[in-house]
Amino acid sequence: MATDTPKETIHIGTRTSLLARVQADEVSRHLRAAWPDKHFEIHAMKTTGDNNQTTALHKFNEKALWTQELEVLLQKGELDLIVHCLKDMPTQLPIDLEIGGITAREDPRDALVIKPTLAGQYKSLAELPEGSVVGTSSLRRIAQCKRHYPHLRFTDVRGNLGTRLAKLDNPESEYSAIILAVAGLNRLGMGERISQHLSKMNGGMLYAVGQGALAIEIRKDDARVQTLVDKIGDSRATLEGLAERQLMRTLEGGCSVPIGIETEWVSRKGLLDTDVGIGVKPAEEYHKLTGVAQTELGGQTAVGARGEERGELTDELIMRAIVVSLDGQEAVEAEARRRITSVKEADEFGFEVARQLVGKGADKILKQIQLDRGIIEEQGNA
Ligand SMILES: NCc1[nH]cc(CCC(=O)O)c1CC(=O)O
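Described in the following lines is the structure provided in the data block.

Reading the values: the criteria
Residues numbered from 1 in each chain as written. Predicted model: local features only at pLDDT ≥ 70, side-chain atom pairs only at ≥ 80, totals over all residues. Helix = DSSP H or I, 4+ residues; strand = E, 2+ residues; numbered from the N terminus. Buried ≥ 20, exposed ≤ 12 C-beta atoms within 10 Å, placed from the backbone. Contact = placed C-beta atoms within 7 Å. Pairing = 2+ DSSP bridges. Axes fitted to C-alpha atoms, helices over the stretch in contact; angles between N-to-C directions. Near = placed C-beta within 6 Å. Domains from an automatic or database assignment.

**Details of the overall build of the protein chain**
Across its full length, the protein chain carries 13 helices and 15 strands. For the protein chain, the residues scored as buried account for 38% of the 382 residues in total. Across the protein chain, contacts joining residues at least 24 apart in sequence account for 73% of those joining residues at least 6 apart.

Here you go:
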């Protein structure tokens, strides 16, 4: 009779919130399906961010608010991988750790959730009456909202997702609505509470770098764990996530700075109607921007995907980004599109869009925010 050799155990770290546990479960389920001969064990622990629910997030100097305690265990070998919301990860990781992969991204948009007693009457930020209080602690959300909805007021709301919803739902609370990530609500099965899905096109709100994506942090050069992660990573989510983070890193953003982003993949095979270079983009300019080939079609200059010539799909990433001043008065926007097939290209693309933003004055907005923050914090300490 064959003796059962014990399965190798892989230790997964996560935070203790319900959302964090659901996310770790999701990743562990994918890992188990991909690696049935291994045993995956989840360990949940509190981080600095979990232990302090009152201080406004942007007042923390420590950027590794949600990650550090777990990273120490990963470094010691007590954990083999950590599941994080990509959005909560600092752009600079400890030198000996890295992102091993990013799984398929949930809906990255922001969501408007309205107080139950008002939800029948109002459906969007634009409809909320003058002076309504919207709860959010995110400078990015506040700055973009102030820009488009000067009739609303914004107040901090902290705590995990359940706590925030409970504060909103309390009929005595000041909040008429709160803004949360769609992804968190969906993962907890509360997507039906969403009144409005916000985007650049709908409400003029761009999401946070990494929002809606789960990243798996591992020890650098840990080939054993990297092999496990490779089977569950999603190449598009990984490349777009890394491109977004490179933009943020270049702008030295961190989660405390109002940078909004949208990334979108476009798959193209052959010529698209919109590529015919009449009334759209001069083909030559398009070629310079994208490297995509030009052809002559019945006297008209047209541009077509290089992929057509080789009979393959061309994957292009569109990135839209915005940097907004805290009062919403100033904003700088950029948009670019490029074929991305490697981490190197993703990094270059993020860097290029960041440079475009700086060229338009984003650095001045960011500098002013640093100055303002100094003043705000001094007042807070008085
Ligand atoms: N610490 C905030 C945080 N980090 C990740 C999410 C949502 C889920 C995600 O972006 O994957 C949230 C809550 C929110 O913004 O509503």
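Okay, back to it.
**As for the sheet that holds strand 6 (residues 133-135)**
In space, the five strands of this open sheet follow the order 7-6-8-5-9, with mixed pairing throughout. Each edge of the open sheet is held by one strand with a lone partner, namely strand 7 (153-155) and strand 9 (194-198). Averaged over all pairs of adjacent strands, the angle between their axes in this sheet comes to 30°, without regard to strand direction. Across three bridges, strand 6 lies against strand 7 in parallel orientation.

**Concerning the pairing of strand 3 (residues 81-85)**
Buried residues dominate strand 3, accounting for five of its five residues. The alternating pattern of strand 3 places Leu81, Val83 and Cys85 and Ile82 and His84 on opposite faces, both of which are buried. Bridge count for strand 1 (residues 8-14) against strand 3 is two bridges, and the pairing is parallel. Bridge pairing in strand 3 places Gly13 opposite Ile82. Note: strand 3 against strand 10 (residues 214-219), four bridges, orientation antiparallel. Looking at the pairing, Val83 lines up with Ile216 of strand 10.

**So, the site of the ligand**
The immediate surroundings of the ligand are formed by Cys85, Lys87, Asp88, Leu180, Ala181, Ala183, Gly184, Gln211 and Gly212. When contributions to the shell around the ligand are tallied by element, the ones reaching two or more residues are strand 8 (175-181) and helix 7 (182-187). Counting contributing residues, the shell around the ligand receives three or more from each of domain 1 (8-104 + 211-233) and domain 2 (110-206).

**As for the environment of Gly191**
Note on placement: Gly191 falls in the loop between helix 7 and strand 9. Here Gly191 falls in the partly exposed class, since 15 other C-beta atoms lie within 10 Å of it. Between the alpha carbons of Gly191 and Ala111 there is a distance of 9.1 Å; along the sequence they are 80 residues apart. In this structure, Gly191 is in contact with Leu185 and Asn186, ignoring residues within four places of it in sequence.

**As for the pairing of strand 1**
Bridge analysis of strand 1 against strand 2 (residues 38-44) gives seven bridges, and the strand direction is parallel. Residue pairing for strand 2: Ile12 is matched across the bridge by Ile42.

**What about the sheet that holds strand 10?**
Ordered by their spatial adjacency, five strands build an open sheet running 2-1-3-10-4, and the pairing between neighbours is mixed. Of all strands in the sheet, those bounded by a partner on one side alone are strand 2 and strand 4 (97-102). Put simply, the sheet's adjacent strands are angled 30° from each other on average, direction ignored. The sheet contacts of helix 1 (residues 18-34) involve strand 1, strand 2, strand 3 and strand 10, and relative to strand 2 the element is tilted by about 170°.

**Structural notes on the environment of Leu31**
Secondary-structure assignment places Leu31 in helix 1. In sequence terms Leu31 and Leu73 are 42 residues apart; their C-alpha atoms lie 20 Å from each other. With near-sequence residues (within four places) excluded, Leu31 lies in contact with Phe40, Leu228 and Ile232.

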